[in-house]
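Residue-level structure breakdown
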Amino acid sequence: MHIDVVGSGPDLVLIHGWAMHSAIFAPLTQLLTEHFRLRLVDLPGHGRTHVATPGALDPTICARAIAAQTPPAIWLGWSLGGLVALHAALDHSSGVRGLIEIAASPKFVRSDNWPHAVDCAVFDEFAIGLGNNYRGTIERFLALETLGSPHAQSELRALKQQVFDRGEPDTAVLCEGLKILETTDLRARLAELTVPNLWIGGRRDRLVPPAAMRWAAQHSPRGQWLEINSGHAPFVSDAPAVATAIREFADALKST
């Protein structure tokens, strides 16, 4: 697992979302390096981490691998990365001082008892599209991530500039990631969380409705909830607000 380390201070692990890599956090990194030692993870098949075996993107496997390479830290996960961070907090809590979930959900697809999500057909369509028009499919996913944001055009430009900056993600891993997003359901395990947790949602997010994160915070011991007027990538459109929330969360941990 490739992990860049920058800055100084308490350790903060950052885990990106589907099809991206750790450089997507650049707007946030610039604001946090004076306050934290950032550990910027490239998930398997993304960025500078080259996948070797099928199943390498499994959130339980990724959480275990990252925990083995990092000291006790606050873990931050965005979107798919939120599932990895959540597994770490559940299964490796001794190495997780606090959990921050950004535009992440315990369940990403809609069902009869879970309206706070998108239809599973969305991920099925992207999986089919990867084989027909690889780059076009990823760009459509990026457009979905920015849909509804008050800064949609500038966010989309930023995401497009970043996505292929470290080479192309592995197609098989991208398909695996979509299947993970489609099938994972960690709602029942939220009650097991023992670490403080903060859920940051975008009011205009069309991929992960903010109601999903509000629900998760309400059903997690020591859970907190923050809504920002953004789309799916609030750390791009509203980096100062997200950075402030992270610092305040970390400061509160020091007093506990």
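Please read all numbers here as calculations on a predicted model, not as lab measurements.

Turning our attention to the packing of helix 2 (residues 59–69) against helix 3 (residues 80–91). What describes two packed helices is the angle between their axes and the distance between those same axes. Contact pair helix 2 / helix 3: the axes reach a minimum separation of 8 Å and the direction vectors enclose 70 degrees. Put simply, helix 2 runs roughly perpendicular to helix 3. Between helix 2 and helix 3 the crossing geometry is right-handed. Taken together, the residues of helix 3 that come into contact with helix 2 (itself represented by Pro 59, Thr 60, Cys 62, Ala 63 and Ile 66) are Leu 83, Val 84, His 87, Ala 88 and Asp 91.

Right, let's talk about the sheet that holds strand 6 (residues 197–202) for a bit. The strand order 1-3-2-4-5-6-7 describes an open sheet built from seven strands, whose pairing is mixed. Whereas interior strands pair on both sides, the edge strands pair on one side only; in this sheet they are strand 1 (2–7) and strand 7 (223–228). With strand direction ignored, the average angle separating the axes of adjacent strands in the sheet is 20 degrees. Sheet topology places strand 5 (residues 96–102) next to strand 6; four bridges connect them, and they run parallel. By the bridge assignment, Ile 102 is partnered in strand 6 with Ile 200. The strands that helix 2 touches are strand 1, strand 2 (11–15), strand 3 (37–42) and strand 4 (73–78); relative to strand 4, the one it contacts most, it runs at about 145 degrees. In the packing of helix 8 (residues 210–218) onto the sheet, the strands contacted are strand 6 and strand 7, and the crossing angle to strand 7 comes to about 160 degrees.

Scanning the model with the defined rule gives zero disulfides in all. Free of any disulfide, Cys 62 has its nearest neighbouring cysteine sulfur in Cys 175, separated by 16 Å. Judged by relative accessible area, which is 1%, Cys 62 ranks as buried. Residue Cys 175 stays outside any disulfide, its sulfur separated by 16 Å from that of Cys 120, the closest cysteine.

Another aspect to go through is unusual backbone geometry. Even without a glycine there, the phi angle at Ala 19 is positive, about 75 degrees. Mapped onto the fold, Ala 19 is located in the loop between strand 2 and helix 1 (26–32). One non-glycine residue with positive phi stands out, namely Ala 103, at about 45 degrees. With respect to the helices, strands and loops of the structure, Ala 103 is situated in the loop between strand 5 and helix 4 (120–132). You can call Ala 103 buried: its relative accessible area is 0%.

Along any regular strand, the residues point their side chains to alternate faces of the sheet. Across the six residues that make up strand 4, a large majority, six, are buried. By the bridge criterion, four bridges tie strand 2 to strand 4 in an arrangement that is parallel. The residue bridging Leu 14 from the neighbouring strand is Leu 76, located in strand 4. Of the pairings in the sheet, the one linking strand 4 to strand 5 comprises six bridges and is parallel in character. Of the residues in strand 5, the one forming a bridge with Leu 76 is Ile 100. With helix 3 bridging strand 4 and the parallel strand 5, this β-α-β connection has right-handed handedness.

Here Ser 255 shows up in the segment after helix 10 (239–254). Residue Ser 255 is classed as exposed on the basis of its relative accessible area, which comes to 65%. When the C-alpha atoms of Ser 255 and Leu 142 are compared, they prove to be 39 Å apart, with 113 residues separating the residues in sequence.

When the terminal C-alpha atoms of helix 3 are compared, their 17 Å separation across twelve residues agrees well with the 16 Å that a helix rising 1.5 Å per residue should span. Taken together, the buried positions of helix 3 are occupied by Leu 80, Gly 81, Gly 82, Leu 83, Val 84, Ala 85, Leu 86, His 87, Ala 88, Ala 89 and Leu 90. In this structure, the buried residues of helix 3 make contact with strand 2, helix 2, strand 4, strand 5, helix 7 (171–183) and strand 6.

Conventions adopted
Residues numbered from 1 in each chain as written. Predicted model: local features only at pLDDT ≥ 70, side-chain atom pairs only at ≥ 80, totals over all residues. Heavy atoms only, no water. Axes fitted to C-alpha atoms, helices over the stretch in contact; angles between N-to-C directions. Helix = DSSP H or I, 4+ residues; strand = E, 2+ residues; numbered from the N terminus. Parallel < 35°, antiparallel > 145°, perpendicular 65-115°, else oblique. Left-handed = near helix turned anticlockwise from the far one by under 90°. Contact = heavy atoms within 4.5 Å. Pairing = 2+ DSSP bridges. Disulfide = S-S within 2.5 Å. Buried < 20%, exposed > 50% of the residue type's maximum accessible area, 1.4 Å probe, protein only. Right-handed = clockwise from strand over helix to strand, strands pointing away. Expected span 1.5 Å × (residues − 1).

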